[in-house]
Structure formats: C-alpha cells, structure tokens
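So the chains spell out like this:
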Amino acid sequence: MRIGIVCYPTFGGSGVLATELGKALADKGHQVHFITYQQPVRLNVFSANIFYHEVSVPTYPLFDYPPYELALASSMVDVILNHDLDLLHVHYAIPHASAAYMAKQIVLERGRNIPVITTLHGTDITLVGRDKTYEPVVTFSINQSDAITAVSKNLRDETFKSFAITKEIEVVENFIDNTRYNKRPIDAFKKVIAPNNEKILIHASNFRKIKRVEDVIEIFAKVHAQVPSKLLLVGDGPERRHIEEQVRKLQVQDDVRFLGKQDQVEEIMLVSDLFILPSEYESFGLAAMEAMAAGVPVISSNAGGLPEINIDGVTGYTAPVGDVETMSQKAISLLSDETLLQQFRKNAKAQANKYDLQNIVPQYEKIYSRFCRMECGA
Ligand code: GMT
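These numbers were taken from a predicted model, which means no experiment stands behind them.

Some points on the domain arrangement of the chain
Link 1 in the chain: Partitioning the chain into domains gives domain 1 (2-175 + 357-371) and domain 2 (178-353).
Link 2 in the chain: Here the C-alpha centre of domain 2 lies 30 Å away from the C-alpha centre of domain 1.
Link 3 in the chain: Opposite the 23 residues of domain 1 that make contact, domain 2 presents 16 residues.
Link 4 in the chain: For the pair domain 1 and domain 2, the two sides together bury roughly 1500 Å², of which 52% comes from carbon and sulfur.

Notes on the packing of aromatic side chains
Link 1 in the chain: This model, assessed by the stated rule, comprises six aromatic pairs.
Link 2 in the chain: With a centroid separation of 5.4 Å and an interplanar angle of 85°, the aromatic rings of Tyr 8 and Tyr 92 are classed as edge-to-face. One end of the pair, Tyr 8, is in the loop between β1 (2-6) and α1 (13-27); the other, Tyr 92, is in the loop between β4 (87-91) and α3 (93-109), and 84 residues separate them in sequence.
Link 3 in the chain: Plain terms: the ring middles of Phe 284 and Tyr 355 are 5.8 Å apart, the flat faces sit at 70° to each other, and that makes the pair edge-to-face. Placement of Phe 284 in the loop between β11 (274-277) and α11 (286-293) and of Tyr 355 in the loop between α14 (338-354) and α15 (357-369) is noted, with a sequence separation of 71 residues between them.
Link 4 in the chain: Here Phe 284 falls in the buried class, since its relative accessible area comes to 1%.

Description of the environment of Phe 344
Link 1 in the chain: Counting through the fold element by element, Phe 344 comes out in helix α14.
Link 2 in the chain: For the pair Phe 344 and Pro 297, spaced 47 residues apart in sequence, the C-alpha to C-alpha distance is 5.9 Å.
Link 3 in the chain: Leaving out residues up to four positions away in the same chain, Phe 344 has contacts with Pro 297, Gly 313, Val 314, Thr 315, Gly 316, Tyr 317 and Leu 334.

Considerations on the side chain of Lys 23
Link 1 in the chain: Secondary-structure assignment places Lys 23 in helix α1.
Link 2 in the chain: Classification of Lys 23 by relative accessible area gives buried; the value is 12%.
Link 3 in the chain: Within the local environment of Lys 23, its side chain forms a polar contact with the backbone oxygen of Arg 42, the two atoms lying 2.7 Å apart.
Link 4 in the chain: Excluding residues within four positions of it along the chain, Lys 23 makes contact with Arg 42, Leu 43, Asn 44, Val 45 and Ile 50.

Observations concerning the site of the ligand
Link 1 in the chain: Taken together, 17 residues lie around the ligand, and Ser 14, His 121, Asn 174, Lys 211 and Glu 282 are the ones closest in.
Link 2 in the chain: Residue Ser 14 places a main-chain N or O atom 2.9 Å away from an oxygen atom belonging to the ligand.
Link 3 in the chain: In the environment of the ligand, an oxygen atom lies 2.5 Å from a nitrogen or oxygen atom belonging to the side chain of Glu 282.
Link 4 in the chain: Protein contacts shield 93% of the accessible area of the ligand, which totals 480 Å² for the unbound molecule.
Link 5 in the chain: More than half of the atoms of the ligand fall within 2 Å of the grid points belonging to the largest pocket.
Link 6 in the chain: When its residues are assigned to classes, the shell around the ligand shows five nonpolar, ten polar and two charged.
Link 7 in the chain: Split by domain, the shell around the ligand shows at least three residues from each of two domains, domain 1 (2-175 + 357-371) and domain 2 (178-353).

Details of the environment of Leu 274
Link 1 in the chain: With respect to the secondary-structure elements, Leu 274 resides in strand β11.
Link 2 in the chain: Using a relative accessible area of 0% as the deciding quantity, one classes Leu 274 as buried.
Link 3 in the chain: For the pair Leu 274 and Phe 175, spaced 99 residues apart in sequence, the C-alpha to C-alpha distance is 20 Å.
Link 4 in the chain: Each residue touching Leu 274, except ones within four places of it in the same chain, is listed here: Ile 200, Leu 201, Ile 202, Val 296, Pro 297, Val 298, Ile 299, Ala 331, Leu 334 and Leu 335.

Comments concerning the sheet that holds β1
Link 1 in the chain: The sheet built from seven strands is open, its strands ordered β3-β2-β1-β4-β5-β6-β7 with parallel pairing. Sheet topology places β3 (50-54) and β7 (170-171) at the edges, where each strand pairs with a single neighbour.
Link 2 in the chain: In this structure, strand β6 (residues 147-150) lies alongside β7, joined through two bridges in parallel fashion. Looking at β7, one finds that Ala 150 is bridged to Val 171.
Link 3 in the chain: Running at roughly 155° to strand β2 (residues 31-36), α1 makes contact with β1, β2, β3 and β4 of the sheet.

Here we look at the sheet that holds strand β9 (residues 229-234)
Link 1 in the chain: One open sheet holds the six strands; their spatial order is β10-β9-β8-β11-β12-β13, and the pairing between them is parallel. Where the open sheet ends on each side, the last strands, each with one partner, are β10 (256-260) and β13 (316-319). Along the sheet, successive strands turn relative to each other by an average axial angle of 20°, direction set aside.
Link 2 in the chain: Pairing geometry for strand β12 (residues 298-301) and β13, over four bridges, is parallel. Looking at the pairing, Val 298 lines up with Gly 316 of β13.
Link 3 in the chain: Contacts from α11 reach β8 (199-204), β11 and β12, with the element oriented near 175° to β11.

How each quantity is defined
- Residues numbered from 1 in each chain as written.
- Predicted model: local features only at pLDDT ≥ 70, side-chain atom pairs only at ≥ 80, totals over all residues.
- Heavy atoms only, no water.
- Domains from an automatic or database assignment.
- Contact = heavy atoms within 4.5 Å.
- Buried area = accessible area lost by both parts, 1.4 Å probe.
- Phe/Tyr/Trp six-rings, centres within 6.5 Å; stacked < 30°, edge-to-face > 60°.
- Helix = DSSP H or I, 4+ residues; strand = E, 2+ residues; numbered from the N terminus.
- Buried < 20%, exposed > 50% of the residue type's maximum accessible area, 1.4 Å probe, protein only.
- Polar contact = N/O pair within 3.5 Å; in protein donor to acceptor, adjacent residues only side chain to side chain.
- Near = heavy atom within 4 Å.
- Areas by Shrake-Rupley, 256 points an atom, 1.4 Å probe, with all protein chains shown as cover.
- 1 Å grid on protein atoms, 1.4 Å probe; cavity = no way out; pocket = protein on both sides within 12 Å on 5 of 7 lines; lining within 4 Å.
- Sits in = over half its atoms within 2 Å of the grid points.
- Nonpolar A, V, L, I, M, F, W, Y, C, P; charged D, E, K, R; others polar.
- Pairing = 2+ DSSP bridges.
- Axes fitted to C-alpha atoms, helices over the stretch in contact; angles between N-to-C directions.

Dropping the structure here:
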C-alpha cells in the first residue's frame, strides 16, 4: 500500500511511534510517505520505500501565527494526488486530524476518496484537546475520521468521557522493536557512569509538568541515601532549570547526570537498573516500555494507561500519583535484593516482548486493509 504518515517529528512519544511504524511498514514492502515540518528524529535509516515531504510554512508580516494547518493540508493534497496514496494515517489529533479532514474534502472534489485513520496518543485528548479552545474542532475531526485508534484502553475510555464521539475507537497499543535491545550493555559506558558499580536509575521525558520530574529527584534522593546509586536524566524541556536547582538543593548533584535529548536511547537503557516514571498522566508510557525492552524494571505512578503496561509486583511497581514515599521504598527494596531484581528484569523483558512490533504492526495493517482499493495489494 501507499501510506501517508503525518506526525510531530520531535522526540515526543507520538512522533517516535509514528516513525517506527513507518519504518516497520516500509520493511514489509509498503511505500511510506512522511508528511511533516522536519525530518522525524527517528527517521535515521535509508529505505527505498520511505519518502519524506517537508511542509514549509511561508511567513508574511501579517501573520502573527503562520497557518501550519493550511500548509499541512495543502501538502497532504499534493502527496495524495502525486504519489497516489491509498490512505492517510495521522498521529496526534491536533491539528493533524482536522488538516486531514480538509485534505480529504479537497481531493474528494477531484474525484479521489482518501481514507483517514486517526491515532490518538494522549495529551491531544487529555490535556490540549479537551480545552474549550480546541474541543469542537477535535470532536468534529475525530468523528470524521474513517477509523480511530487509541494507544491504550485508558485513552479510549478517556476519549469517550471527554468528547461526543459517535464512532468506535479501536485500541492498538504502542509497540517496540525488541531487536534493537537484543545486545549486550556496553561495559565501558557503564564504568564511566557508575565506576564503583553503583545502581543506575534513569528517567526519560520531555520535562513537562505532567511528568512530575521533581518526584523523580525526590525518589532518587531517598534511594541514594540508602543504596549507592546514580541518576541519568534523558530529555529536555521547560522544567529542566527548576530540576537542576532541586538537584543542588538536595545535594545529589555529583550523582545526577543530565544527558539531554538522545535519539539512541537503547544504549543508555541497557546499562540501567531501574526506570522511574511518576507522571500525573500517561496514556501509555512508551519510554517505560523502551526501558522494559532493555530488561529494566519500572517504578511508576498508576495514572492513565501505566498499570496496563507496568504490572505491579511483576515488571516493577506502581503507586498513586505523588506517593513518593511508596515509590522510594519499592525502589530501595528492589535494588537491595539482587535475586528479585534479576527476576523483575526478566519479567520486564517478557512484557516488552508482548508489545513487539511483530505483534502490533499487523493490527494497523488489518485496519488499513478495510479501506484498501482493489489494486492496492494490502
Ligand atoms: O508524553 C508526552 O508529553 C508526549 C506525548 C506525545 O504525544 O508525543 O506522549 C503521548 O504519546 C505517547 C505515544 O503514544 C505515549 O506513550 C505517552 O504516554 C503520551 N503522553 C501522555 O499521555 C502524557
């Protein structure tokens, strides 16, 4: 099939998932056209089946807000017609679902019906989307999609709670390419981070308030007081400066490393012992699943879809949002019991195997095939 994928090209989970999906589809022989404003960060391979179409937004002195959505819709029309796309798969509702609706109407006038599949990822529903500023457009464009998917059961339920959705929402969970994690940790790298064999805790996010990175630091300070340990912080965002201050205030600065944005997280995950994700909300928690793929157990909150993937007492532990005490105690007990830690490592890896791309990508292909024209060969 010839598939158009629209996503945010940045480090966010939705863009990562969309890019990995495009790469997996290309490997299976589909022709994949990414339509976005920048080369997606994970689009770091050459494939004869992958095309990248950059959306450029011309500026004009009148525009305080250059109209990205219009430029995107026009690019979609161009790619649909000139590359004879079979369907558009848009990731993250705002503004991708409404731009796709506009493109669909335009090509319809030219005699082409292009199916639109919208995948809801999280904050497009639970944070930004339900804001009155966007809600009517989000509701309308989701309902106009030919198929709607959500990345967890929790996100599907949240969408029905917050929006008047008149169609079925299918749950297609996020996936992981486990082959990327099937390698040995780099010993030299581990030695640099933890020269005295300290335990390595890790957190990766976009450092937004919803991630509660200050809880990560509090948990680490409590763990560090009892277990020789280091903390790796991957990613960057608005909370970073405030977190640096907190690290100094709690006097753990010598054992905390800010690694910034990284596009090859697997090497870092592979040397780690425990992943911390105390978020206020996660529809799924792709970063936690990446940790599990590296055999790293997870201490997380029990918000949103997190308990669907992090099984309490099996792949790690969950606790209510803000319950730093329980999360710290669970982390200490796990890191202090090598037999238990090894068991949790195995459990985490087994859990990630269930979410392997081999199991999930066919679910998307099955949805695509429902909209396939006679000649598209799905
Ligand atoms: O977590 C973020 O703020 C980024 C956001 C995104 O859309 O890029 O992530 C959301 O989508 C990911 C991929 O489906 C999920 O794994 C994250 O849990 C979800 N984030 C939230 O719900 C806060």
